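# An overview of the molecular structure
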Amino acid sequence: VTVLKLKPFTHYINTQAIVQSDQNLDVVPQSQGIYRAIYVKQGQRVIKGQALGKVDDLILQRNLSQLNTQLNLNNILYEKRKKLWAQNIGTEVDYLQAKTNMESMRDQVATLRQQIAQTIVVSPVTGTVDQVNARLGEAATPAAPGFRVVNTDVLKVTAGLSETYLGRVRIGAPVVLNFTDINKTMKGKVDFVGNTLDQNSRTFAVQTRRLKDIKPNMSATMRVQDYTNASALVLPVDVVQTTLDGQYVFIAKKDKNQVIAQKKTVRAGLSQDGQIQILDGLNAGDQVITTGYRGLEDQQSIKL
């Protein structure tokens, strides 16, 4: 027999999960042309805004030089018209036309400078250069990523839980992650619970973040705590027997000068690691028969 005592009981949902990064990005050139410079190597650490490579901008620079020359001329003409108009010399139309030409040319120069700036491929995040696909002399197009930058400082582990567990998993619930390939166990907390179900898998997303020392796309076993009780009545799962009438166990009870096996109907709850919580039907101190209970009948005389 085992004397039933109150003890902590915790239940976990076990599922497979994968490591992901919100900042695992393909970096594409914003300008078409030929790669004229590659500034980084695979595995190099970069910061947000750092130049990764450069696309040929020779034609754009020539166009800019021509526009700057025209802008200078338009500025001179505008200033002259402005002074004349201040002296009531000339027409207002001439003054406004000169002003419009100058402002239009200024906008064209600004636009072209922006296009030239886009010939420099920059890192959108701080992280590590995971891939360098760009090659000197090759064509650069927005359709072909030239680099991949990954920020591994902050990763997330994502899993999909069955709709059966809707309402049982909440933000802040403890999580245990087991990475069997690297023999590593990590603890965390649920910081995101999906509000919708995937139509194909019928699962909702659960995530934990702020993890380090792991790599994107690694797999893990996620254990999400969905229930805990500091003072529970717990028995081995095999001890609880089930029939069409319900669940029951046998307890040892003194009856005059003998000990008998008394059948007790119970209501069991969740089970975890071979243990099951008893919600109703037993009390602390009951002597539950945990060995030799097979084949017993109610009120049968037994020997401990």
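A short tour of the structure in this document, coming up. (Residues numbered from 1 in each chain as written. Predicted model: local features only at pLDDT ≥ 70, side-chain atom pairs only at ≥ 80, totals over all residues. Heavy atoms only, no water.)

When its secondary structure is counted, the chain shows two helices and 22 strands. Compactness check: the chain gives a C-alpha radius of gyration of 37 Å against a globular reference of 19 Å for 304 residues, more than 25% above the reference. Every one of the 304 residues in the chain was classed for burial, and the buried ones make up 35%. A fraction of 72% describes how many contacts in the chain between residues 6 or more apart in sequence connect residues 24 or more apart. (Helix = DSSP H or I, 4+ residues; strand = E, 2+ residues; numbered from the N terminus. Rg over C-alpha atoms; globule rule 2.2 N^0.38 Å. Buried < 20%, exposed > 50% of the residue type's maximum accessible area, 1.4 Å probe, protein only. Contact = heavy atoms within 4.5 Å.)

Turning our eyes to something else, we now look at the environment of Ala230. For Ala230, the position within the fold is in strand 16 (residues 219–236). Among the residues examined, Ala230 registers a relative accessible area of 60% and is labelled exposed. Between the alpha carbons of Ala230 and Gln241 there is a distance of 25 Å; along the sequence they are eleven residues apart. Apart from residues no more than four positions distant in its own chain, Ala230 is found in contact with Lys7 and Pro8.

This part takes up the sheet that holds strand 4 (residues 33–38). Here four strands make up an open sheet; going across it, the order is 7-6-4-9 and the pairing antiparallel. Taken across any chain shown, the strands that pair with only one partner, and hence form the sheet edges, are strand 7 (120–122) and strand 9 (139–140). As paired elements, strand 4 and strand 9 share two bridges and run antiparallel to each other. Paired with Ile34 across the two strands is Ala139, which belongs to strand 9. (Pairing = 2+ DSSP bridges.)

Along an α-helix, residues three or four apart share an orientation, since each turn contains 3.6 residues. For helix 2 (residues 92–117), which comprises 26 residues, the first-to-last C-alpha distance of 38 Å matches the rise-based estimate of 38 Å (1.5 Å per residue) to within 8%. Among the residues of helix 2, those classed as buried are Tyr95, Ala98, Met102, Met105, Val109, Leu112 and Ile116. Next to the buried residues of helix 2 lie helix 1 (58–86) and strand 7. (Expected span 1.5 Å × (residues − 1).)

What follows is about the pairing of strand 13 (residues 184–189). Looking at chain direction, strand 12 (residues 174–179) and strand 13 are connected through six bridges and run antiparallel. Residue pairing across strands places Pro174 opposite Lys189, the latter belonging to strand 13. Once strand 12 ends, the chain turns through four residues before running back antiparallel as strand 13, passing Asn183 with a positive phi of about 55°.

All right, on to the environment of Glu92 then. Residue position: Glu92 is located in helix 2. By relative accessible area, which is 44% here, Glu92 ends up partly exposed. In the structure, Glu92 is positioned ten residues away from Lys82 in sequence and 9.6 Å away in space, judged by C-alpha atoms.

A separate point is the pattern of salt bridges. Going through the model one piece at a time under the given rule, you end up with seven salt bridges. For Asp57, the salt bridge is made with Lys54, and the minimal N-O distance between the two is 3.1 Å. Classification of Lys54 by relative accessible area gives buried; the value is 18%. (Salt bridge = Lys/Arg side-chain N within 4 Å of Asp/Glu carboxyl O.)

What the four strands build is an open sheet, ordered 3-10-8-5; its pairing is antiparallel. At either margin of the open sheet sits one strand with a lone partner, and together these are strand 3 (24–27) and strand 5 (45–46). Pairing of strand 8 (residues 127–132) with strand 10 (residues 147–150), which is carried by four bridges, proceeds in the antiparallel orientation. Of the residues in strand 10, the one forming a bridge with Val132 is Phe147.

Just geometry here; none of it tells us what the structure is for.
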